[in-house]
Amino acid sequence: MIDIRTLREDPDRVRASQQARGEDPALVDAVLEADRRHRHDLTEFERLRAEQKTVGKQVAQASGEEKSALLAEVKDTAARVKELDRSQAEAAQERERLLRRIGNLVIEGVPAGGEEDFRVLDTVGQPRDFTADGFEPRDHLQLGELLGAIDMARGAKVSGSRFYFLTGPGARLETALLTLALQRAHEAGFVQLGVPTLVGEEAMAGAGFLDAHADEVYRLEADGLYLTGTSEVALAGYHADEILDLTDGPRRYVASSTCYRREAGAHGKDTRGIIRVHQFQKVEMFVYCRLEDAETEHERLLAWERGMLDAMELSYRVIDVAAGDLGGPAARKYDCEGWVPTQGRYRELTSTSNCTDYQARRLGARERDPNRSGTRPVATLNGTLATTRWLVALLENHQRADGSVRVPAALQPLLGAEVIAPRE
RNA sequence: GGAGGCGUCGCCUAGUCUGGUCUAUGGCGCCCGCCUGCUAAGCGGGUUUGGGGCUACAACCCCAUCGAGGGUUCAAAUCCCUCCGCCUCCGCCA
């Protein structure tokens, strides 16, 4: 949620941001209208309420005839107060409802436009030339089956489409990847958290996943709980409604968790293999820091992601995601996309968002304001350090003509092997 | 699953039966000042959060806030209802 005060004082800035996102700038005026109504009724309510309290005290002192007279007088006020409180609250709710629909203020420099309007910031490595290598690359599922690493058929038998088993070397490769990510985060000073993946409505909404992504979320009707599509939800909720002390620098957390996504709008897309599945593992970084440090911190998160991709010896590109493709809470988002040989294109492997104070305001994660009395929202950022999807890039890019797959040096000690060989 | 207890402004705590004197008590901690070779002690003051008015985003004034939400009442921490969380006991099950 953006700051209502920014919207009051500088509505043009908000309109411009909406425009860049391809969203409705008229929403700004609707919020302002509801805000005016709210403040008018609130002022009136407070004035009458003060009066009611004063008379109420007199009632307590008085007796007999004087008391009945006062009672008669204040009874009317009480009814008016109740009425105004209702309309004030109603206007506040309307303002809130509209305000929540406005996305975060896009940071200057973010390309305007939609999904295709991203800017490429960097490209690392070359897409592997299999013609030069003299063989036709197998896709990750062919390799997975050849190596005894992925079993889609049994996944479907047990749970349906977009479910899978990782088997033997596949499961071990995933574990090694996640472990390395956690190790590297630990060495960088992150505090590791074990997190709930089943959360209440408050946490889900606070992180912003019940707005645009509501269809993507698994909901357990009987218990009023939601399965999280990323540990960001739990990590964002961790310090909800708290006043943090950030004088010693940012709070950095990392968590590995199972992620659940309905993929409701993805019928027929990426149906083969484990590119797009209902359940996967992810190591996620999450940072609470001061607003003025957020952009620097965002660069750091990106650097940690790139370090991990480099260690996997993958070729990838870094993109500055366009405003229209950001999602509500993000003010800027960098994706790292790994090369997938059999698709001949780059696919998202990591994503890091700077949510500035947008998510924190809704969550109530604050700090003492260094410039004045009171508190102010902190900034939150998140980023991916590893996911199950990385197996696709690892298998396809490091495959050899005989169907075996070379293990990147960084994973070899964890896996205890330099090569994953086909089953006999 | 059954029975009971509890939830107060950082922590502990008074207040709830018997609604108005609660502008929520006291202690601890913390902050500022005084005193003082230094520290400690002592003394004085301050110390929830959110919002509105007015403004320099100060000071000041006001409203809300006693787990959350409703209700009763002129008036609710206090009475009634619903929900949430924690604890104890019993049962059941690993």
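Conventions we followed
Residues numbered from 1 in each chain as written. Chains lettered and ligands numbered in written order. Predicted model: local features only at pLDDT ≥ 70, side-chain atom pairs only at ≥ 80, totals over all residues. Heavy atoms only, no water. Helix = DSSP H or I, 4+ residues; strand = E, 2+ residues; numbered from the N terminus. Buried < 20%, exposed > 50% of the residue type's maximum accessible area, 1.4 Å probe, protein only. Contact = heavy atoms within 4.5 Å. Near = heavy atom within 4 Å. Polar contact = N/O pair within 3.5 Å; in protein donor to acceptor, adjacent residues only side chain to side chain. Nonpolar A, V, L, I, M, F, W, Y, C, P; charged D, E, K, R; others polar. Disulfide = S-S within 2.5 Å. Domains from an automatic or database assignment. Pairing = 2+ DSSP bridges. Salt bridge = Lys/Arg side-chain N within 4 Å of Asp/Glu carboxyl O.

Some words on the overall build of chain A
Looking only at helices and strands, chain A features 14 helices and 18 strands. With the C-alpha coordinates aligned to their principal axes, the bounding extent of chain A is approximately 105 × 45 × 45 Å. Residues classed as buried in chain A amount to 50% of the 424 residues present. Intrachain contacts of chain A at a sequence separation of at least 6 include 73% that bridge at least 24 residues.

Remarks on the protein's contact with RNA strand B
By nearness alone, 25 residues border RNA strand B, and Arg49, Lys75, Arg368, Arg372 and Thr375 come closest of all. Near the protein, within 4 Å, the atoms of RNA strand B are sugar or phosphate in 69% of cases. In the environment of RNA strand B, a sugar or linking oxygen lies 3.5 Å from a nitrogen or oxygen atom belonging to the side chain of Thr43. Note that a sugar or linking oxygen of RNA strand B is positioned 2.9 Å from one of the side-chain N or O atoms of Arg366. Taken together, the elements giving at least two residues each to the surface near RNA strand B come down to helix H1 (4-9), helix H3 (27-61), helix H4 (64-100) and strand S14 (366-368). Top element by residues in the surface near RNA strand B is H3. It accounts for 12 residues. Of the residues belonging to the surface near RNA strand B, the class tally is nine nonpolar, four polar and 12 charged.

Some words on the state of the cysteines
Counted by the stated rule, this structure contains zero disulfides. Cys259 takes part in no disulfide bond, and the closest cysteine sulfur to it belongs to Cys355, at a distance of 16 Å. Looking at Cys259, the relative accessible area reads 0%, which means it is buried. Residue Cys289 stays outside any disulfide, its sulfur separated by 11 Å from that of Cys355, the closest cysteine.

A few points about the side chain of Thr380
Inspection of the secondary structure assignment puts Thr380 in strand S16 (residues 379-387). The class for Thr380 is buried, based on a relative accessible area of 0%. Side chain to side chain, Thr380 and Gln359 meet in a polar contact 2.7 Å long.

Some remarks on the domain arrangement of chain A
Annotation of chain A at the domain level lists domain 1 (4-100) and domain 2 (115-420). Look at where the C-alpha atoms of domain 1 and domain 2 centre, and you get two points 43 Å apart.

Re the pairing of S16
Of all the nine residues making up S16, nine are buried; the element is thus mostly covered by neighbouring parts of the structure. Examined bridge by bridge, strand S13 (residues 345-354) and S16 share three bridges and lie antiparallel to one another. Each bridged residue has a counterpart across the sheet, and for Thr352 the counterpart in S16 is Gly383.

Structural notes on the pattern of salt bridges
For the structure shown, the criterion picks out 29 salt bridges. For Arg8, the salt bridge goes to Asp35, with nearest N and O atoms at 2.7 Å. Of this pair, Arg8 sits in helix H1 while Asp35 sits in helix H3; the two residues are 27 residues apart in sequence, bridging distant segments of the chain. Using a relative accessible area of 29% as the deciding quantity, one classes Arg8 as partly exposed. The residue Glu367 makes a salt bridge to Arg376 at a minimum N-O spacing of 2.8 Å. One exposure class covers both Glu367 and Arg376, and it is buried. Counted as one network, the salt bridges with shared partners bring together Arg8, Asp35, Arg39 and Arg95.

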